[in-house]
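The lines below spell out each chain.
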Amino acid sequence: MSDNKNEMSEEEYLKKHLSDLEIGKNQFNSDIPLSNAEPIVEKTSDLHYFAFDTSELPCGKFYPVGTLLQVRSAQVREIQAYSMVDDNNFYDIVEKMNGMLQSCVRVKYPDGKLGSYLEVRDQDRLFLIFLIRELTFQQGNSLTVKTNCKACNSEVQLELKRSCFSYYDVDPKLDKFYNNHTCSFKFRLKNGKEFEVTPPNIGLQKSFTDYIVKENNDKKSPNLSFLKIIPFMLPGRTSITYDGIKSKLSEFEQMDDISFQFLNSAIGKMTFGIKELKTTCQCGEEVRTDMQFPNGASGIFVIHDAFEAYIKE
Ligand SMILES: [Zn+2]
């Protein structure tokens, strides 16, 4: 990416899309070992899929109850494609991760209907990438980050896997506005307006990414406030056309002040995903560190010291 102003805006937005990558802190995590994942009985090919309940995901509440994700390990051709990721380009990181999900993930709804990775919530992307990694490298190849325990000062290794992830806390004020049937929040405002809000899926994320790239090519600066808010306001959709986004933009620009202030604040509370890594030190204290990628985003599937590991001396 060059350093001109429009591209900075694009990158900012893409970073927002990749909010999972940002630093933070929290507690709870779900730790379902791989052995508890049920292998799928029916197989469409010789590839082995595992079923995971969506309740395990950071955005788990936004899938209908009983929805399963069918996930398989990455084959060498998928790792080859991923290995070319540009670690300094957020757009490329998102694209390559999406490519991995396209190959390895599908959605199975309680009514038996199958969906693709496009129906996966955008903020679940990183969690699923690490889930695929766990399935792919079951023999080891752990990715670790080192930090020092604040209590005893000994060096602690934290592994990048589900059992060490801690997630963003979601503001409990949102809970009572959650609707189980629509898997979205429904807000009624004092100004009489009503809004339905839900985290966007990857299909919508791709539509907005295409839009940003097009605007950028046309030397236009995207409206970042619009791009922050509107993807959350398209429940039930997995895509939107360029003209559709343009028309949403003109509605957005005419929005009343109270509605804008409310939505800006509500959507500001909707950060999900992996915030920190945590583990317990041998002294018994909990140790936390920021979520990060040792060896960059490529290092998730590319073995860093493969030369040393695999050369026969
Ligand atoms: Zn310690």
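A few points on the structure. Please read all numbers here as calculations on a predicted model, not as lab measurements. (Residues numbered from 1 in each chain as written. Predicted model: local features only at pLDDT ≥ 70, side-chain atom pairs only at ≥ 80, totals over all residues. Heavy atoms only, no water.)

Considerations on the overall build of the protein chain
When its secondary structure is counted, the protein chain shows nine helices and 13 strands. For the protein chain, with 313 residues in total, the buried portion stands at 48%. Look at the contacts in the protein chain between residues 6 or more apart in sequence, and 71% of them connect residues 24 or more apart. (Helix = DSSP H or I, 4+ residues; strand = E, 2+ residues; numbered from the N terminus. Buried < 20%, exposed > 50% of the residue type's maximum accessible area, 1.4 Å probe, protein only. Contact = heavy atoms within 4.5 Å.)

Brief notes about the coordination of the zinc ion
Bound to the zinc ion on the protein side are C149 (SG), C152 (SG), C281 (SG) and C283 (SG), at distances that span 2.2 to 2.3 Å. Taken together, the four donor atoms coordinating the zinc ion and their angles of 106 to 113° define a geometry best described as tetrahedral. For C152, a relative accessible area of 36% translates into the label partly exposed. (Donors = N, O, S within 2.8 Å, 3.2 Å for Na, K, Ca; no water. Tetrahedral: all angles 85-135°; square planar, octahedral: opposite > 155°, others 65-115°.)

Re the sheet that holds strand 12 (residues 274-280)
Reading across from one edge, 8-12-13 is the order of the three strands in this open sheet, with antiparallel pairing throughout. The outermost strands of the open sheet, each flanked by one partner alone, are strand 8 (165-167) and strand 13 (286-290). Strand-to-strand twist of the sheet, defined as the mean angle between neighbouring strand axes without regard to direction, takes the value 40°. Both strand 8 and strand 12 contribute to a ladder of three bridges, which runs antiparallel. By the bridge assignment for strand 12, F165 is matched with L277. (Pairing = 2+ DSSP bridges. Axes fitted to C-alpha atoms, helices over the stretch in contact; angles between N-to-C directions.)

Regarding the sheet that holds strand 11 (residues 194-197)
Hydrogen bonds along the backbone pair up the strands of a sheet, which may run parallel or antiparallel. A sheet is described by the order of its strands in space; here three strands give the open sequence 9-10-11, paired in antiparallel fashion. Each edge of the open sheet carries a strand with a single partner, namely strand 9 (178-179) and strand 11.

Description of the packing of helix 2 (residues 76-83) against helix 3 (residues 90-104)
Viewed as axis vectors pointing N to C, helix 2 and helix 3 meet at an angle of 170°, and their least axial separation amounts to 9 Å. As the angle between them shows, helix 2 and helix 3 are arranged roughly antiparallel. Two secondary-structure elements touch here, helix 2 through E78, I79, A81 and Y82 and helix 3 through K96, M97, M100, S103 and C104. Looking at the contact of helix 2 with helix 3 residue by residue, the class counts come to six nonpolar, one polar and two charged. (Parallel < 35°, antiparallel > 145°, perpendicular 65-115°, else oblique. Nonpolar A, V, L, I, M, F, W, Y, C, P; charged D, E, K, R; others polar.)

Regarding helix 3
Under the 1.5 Å per step criterion, the end-to-end length of helix 3 is 21 Å for 15 residues, consistent within 8% with the ideal 21 Å. Of all the positions in helix 3, only D92, I93, V94, M97, N98, M100, L101 and C104 are classed as buried. The N-cap residue of helix 3 is N89: its side-chain oxygen and the backbone nitrogen of Y91 are 3.0 Å apart. (Expected span 1.5 Å × (residues − 1). Polar contact = N/O pair within 3.5 Å; in protein donor to acceptor, adjacent residues only side chain to side chain.)

Structural notes on the nonpolar core
Membership of the largest hydrophobic core comes to 46 residues, with the highest contact counts inside it found for V71, L128, I132 and F301. Per-element accounting of this core gives the leading share, eight residues, to helix 4 (residues 125-136). Residues within four places of I132 in sequence aside, it is in contact with V71, R72, S73, A74, M100, L101, C104, V105 and F301. Residues F62, F187, L234 and L249 belong to the second largest nonpolar core, which totals 30 residues. (Core = buried A, V, L, I, M, F, W, Y, C linked by side-chain atoms within 4.5 Å.)

Quick notes on the packing of aromatic side chains
Ring pairs (aromatic) are described by centroid distance and by the angle formed between their planes. Here the structure, examined in full by the defined rule, presents 15 aromatic pairs. Each ring, one from F127 and one from Y167, has its centre 6.2 Å from the other, and the planes form 50°; the classification is tilted. Here the residue F127 occupies a position in helix 4, and Y167 occupies one in strand 8, the gap between them amounting to 40 residues. Put simply, the rings of F62, F177, Y178, F185, F187, F262 and F272 touch in pairs and so form one group of aromatic residues. Here the guanidinium or amino end of K214 rests over the ring plane of Y242, the centre of that ring lying 4.9 Å away. (Phe/Tyr/Trp six-rings, centres within 6.5 Å; stacked < 30°, edge-to-face > 60°. Lys NZ or Arg CZ within 6 Å of the ring centre and 35° of its normal.)

Section: the packing of helix 5 (residues 202-217) against helix 7 (residues 242-253)
Running from amino to carboxyl end, helix 5 crosses helix 7 at an angle of 85°, the nearest separation of the two axes being 10 Å. Here helix 5 is positioned roughly perpendicular relative to helix 7, judged by the angle of their axes. Between helix 5, through S207, F208, Y211, K214 and E215, and helix 7, the contact on the second element is made entirely by Y242, I245, K246 and L249.

Focus: helix 8 (residues 257-268)
With 12 residues, helix 8 ought to run about 16 Å at 1.5 Å a step, and its terminal C-alpha atoms sit 16 Å apart, in line with that. Looking at helix 8, one finds that the buried residues are S259, L263, A266 and I267. The buried residues of helix 8 occupy an angular sector of 90° when the element is viewed end-on, so they sit on one face. In this structure, the buried side of helix 8 is in contact with strand 10 (184-188), strand 11 and helix 6 (224-229). Two or three places before I258, at the start of helix 8, stands the capping residue D256, its side-chain oxygen 3.2 Å from that residue's backbone nitrogen. (Arc of directions from axis to C-beta.)

The quantities given are spatial measurements derived from coordinates; they are silent on function.
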